[in-house]
Structures are given as C-alpha cells and as structure tokens.
Amino acid sequence: MPSYNMKKNRHELIASISHDLKTPLTSIKGYIKGIQDGVANTPEKLERYLNITYKTANDMDGLIDELFLYSKLDLKSSPFQFEKVDLYSFFADFIEELAFNLEQEQGTATLVAKKNDSYVVMADREKLRRAVSNILQNSLKYMDKEHKSIQVLLSSQPDTVTIKMSDNGIGISKEAIPFIFEIFYRTDASRNSSTGGSGLGLSIVKKIIEEHGGTVWADSKLGKGTSIYLTLKKVI
C-alpha cells in the first residue's frame, strides 16, 4: 500500500495542478463574461480583453505542455535518442542567440571554456536543449539588475563534463535551494503575477539530466545571483 508520505505528496501535487489550471481559467471566464455583458464597450477595451484572454490561454497551454512532458519523463515513456554532442559547439550557438537578445537590454551572455579540451558527451540533443532552455528562461525571469549577465562555464574532467550556468539575478535563499528541483516547488518571489512560472521547469531539468546519467545541483546568494550545475558523461 502507498505510504502516508506518498499519499500526501500525491494530494499536494493534485492540489498544485488544480490551482495552476483553475486560476487562469477563472481569469479567462471573467474576461469572456465581461465581453458578453458589454463591459468591453469600446474597440480598444475589447481588444485589450481579447489580448489578455489569448495570453492567459497561451500560458495555460504552456503549463499543460510542461505537465505532459514531466509525466512522460516520470513514466519513462519519452524515448531518448543519444548521440555524440560537442558541448562547446552546442553552447556556442546557444550563447550567440542569447547574447543577441540580451544586447537589446544592455545585457551580456558569455561562454567560457578551454578550446583545446574535449567536451564531447553522449546526449539527446533536443532534450538537452530543453533542459538548458528551462534553466536560462528561469534566470531571465528573475533578473533585477540594470545590466543582465549570464555566463556558461564548461570544465572537462577525465570522465565527465561539468556545465555551470550563472546569472546575476535576485538569487535564492539557502533554505529554498534543496527544494528547487522538486515538482511544483516555487519560492515566494516566483509566485508573483509579473513572473508567473509553472514550477515544473527545474523538475523537468532534473528528470532529463538524470536520464542522461548525470547530476544537477545549485548554489545561490540572495541579491547576487544563482548558479546551476550539470554533469554529463564524457565520450572517452
């Protein structure tokens, strides 16, 4: 029979899913009712109501997609296609695109690595891209400095490659660090309406990296920023 803790975790998970789906759905219903009742009585107001409704529905769609992916990863029903991936080339492309976007906000994104070292690992390229995207999107959401900065550092060991992704965002409290990779866990700061967040992003990262036989962890200082570390097995 399931243990008390398993039942408790399951109930908490269902409650979290229900809350995260019901809140935007209530908002959508409210705006549609406003349109039906003629509250949106000017073209500008109607357009605003429709835009908010569309954005909220889009956010719900993203949450459902993430929940579906997490479920597939948890049930191991999402096959991994492993191939040799040169992490230096992989991140060079990633950082080039990110740096271009950050330049618009006077920010920087840099890749640090010793070019003569080997960074070739066995990885599922698309799922690794999803994991890295989730980490970087999380970083960008919680940037509070005038100059936004993201750095990716690659280090090569005999059997593994370590990836360190650092930002200069708001940081995470020492008490919260052990829980940030748990499903639906969010710090108080991430629950505000300006940032949102499904609480699934980092738990998906953990599932993907562990399926690669790697590890993931974090360290952070409030007000200074956060670093997320990944290890992947090296191709010898």
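One can find the structure itself at the top, above this paragraph.
What comes next concerns the included structure. (Residues numbered from 1 in each chain as written. Predicted model: local features only at pLDDT ≥ 70, side-chain atom pairs only at ≥ 80, totals over all residues. Heavy atoms only, no water.)

Side note on the overall build of the protein chain
Along the protein chain, the regular secondary structure elements total five helices and seven strands. Its helices and strands in sequence order give the protein chain the pattern α-α-β-α-β-β-α-β-β-α-β-β, from N to C terminus. A total of 236 residues make up the protein chain; the buried ones form 38% of that total. Considering only residue pairs separated by 6 or more positions, the protein chain has 70% of its internal contacts joining residues 24 or more positions apart. (Helix = DSSP H or I, 4+ residues; strand = E, 2+ residues; numbered from the N terminus. Buried < 20%, exposed > 50% of the residue type's maximum accessible area, 1.4 Å probe, protein only. Contact = heavy atoms within 4.5 Å.)

Side note on the nonpolar core
Core analysis: the largest hydrophobic core is formed by 47 residues, its most contacted members being Leu87, Phe91, Ile163, Met165 and Leu230. In contact with Phe91, other than residues within four places in its own chain, are Leu111, Val132, Val152, Leu154, Ile163 and Met165. (Core = buried A, V, L, I, M, F, W, Y, C linked by side-chain atoms within 4.5 Å.)

Section: the packing of aromatic side chains
For the structure on display, the rule yields five aromatic pairs. Here the aromatic rings of Tyr31 and Tyr49 are separated by 5.0 Å at their centres, their planes lie at 85°, and the arrangement is edge-to-face. One end of the pair, Tyr31, is in helix α1 (residues 4-36); the other, Tyr49, is in helix α2 (residues 43-74), and 18 residues separate them in sequence. Overall, the relative accessible area of 24% leaves Tyr31 in the partly exposed class. (Phe/Tyr/Trp six-rings, centres within 6.5 Å; stacked < 30°, edge-to-face > 60°.)

Some remarks on the packing of helix α3 (residues 87-103) against helix α4 (residues 125-141)
In contact at an axis separation of 12 Å, α3 and α4 are set at 35° when each is read in the N-to-C sense. When you trace α3 past α4, the crossing you get is right-handed. Across from Leu87, Phe90, Phe91, Phe94, Leu98 and Leu102 in α3, the residues of α4 making contact are Arg125, Leu128, Arg129, Val132, Ser133, Leu136 and Leu140. Taken together, the residues of the contact of α3 with α4 break down into 10 nonpolar, one polar and two charged. (Axes fitted to C-alpha atoms, helices over the stretch in contact; angles between N-to-C directions. Left-handed = near helix turned anticlockwise from the far one by under 90°. Nonpolar A, V, L, I, M, F, W, Y, C, P; charged D, E, K, R; others polar.)

Structural notes on the pattern of salt bridges
On inspection of all chains with the given rule, the structure shows four salt bridges. Linking Arg125 and Glu83 is a salt bridge whose minimum nitrogen-to-oxygen distance equals 3.9 Å. Here Arg125 is found in helix α4, whereas its partner Glu83 is found in strand β1 (residues 83-86), with 42 residues between them in sequence. Its relative accessible area of 32% is what places Arg125 among the partly exposed residues. For Glu83, a relative accessible area of 34% gives the class partly exposed. Lys127 is the salt-bridge partner of Asp124, the closest N and O atoms lying 3.8 Å from each other. (Salt bridge = Lys/Arg side-chain N within 4 Å of Asp/Glu carboxyl O.)

Observations concerning the environment of Lys114
Position of Lys114 relative to the elements: it lies in the loop between β2 (108-112) and β3 (120-123). In this structure the C-alpha to C-alpha distance between Lys114 and Ser156, which are 42 residues apart in sequence, comes to 8.7 Å.

A look at the pairing of strand β6 (residues 215-221)
Taking every second residue as pointing to the same face, the buried face of β6 carries Val216, Ala218 and Ser220, while none of Thr215, Trp217, Asp219 and Lys221 on the other face is buried. Pairing of β6 with strand β7 (residues 225-233) involves seven bridges; the strand directions are antiparallel. Paired with Ala218 across the two strands is Ile228, which belongs to β7. Linking two consecutive strands that pair antiparallel, namely β6 and β7, is a turn of three residues; a positive phi of about 85° is found at Gly223 within it. (Pairing = 2+ DSSP bridges.)

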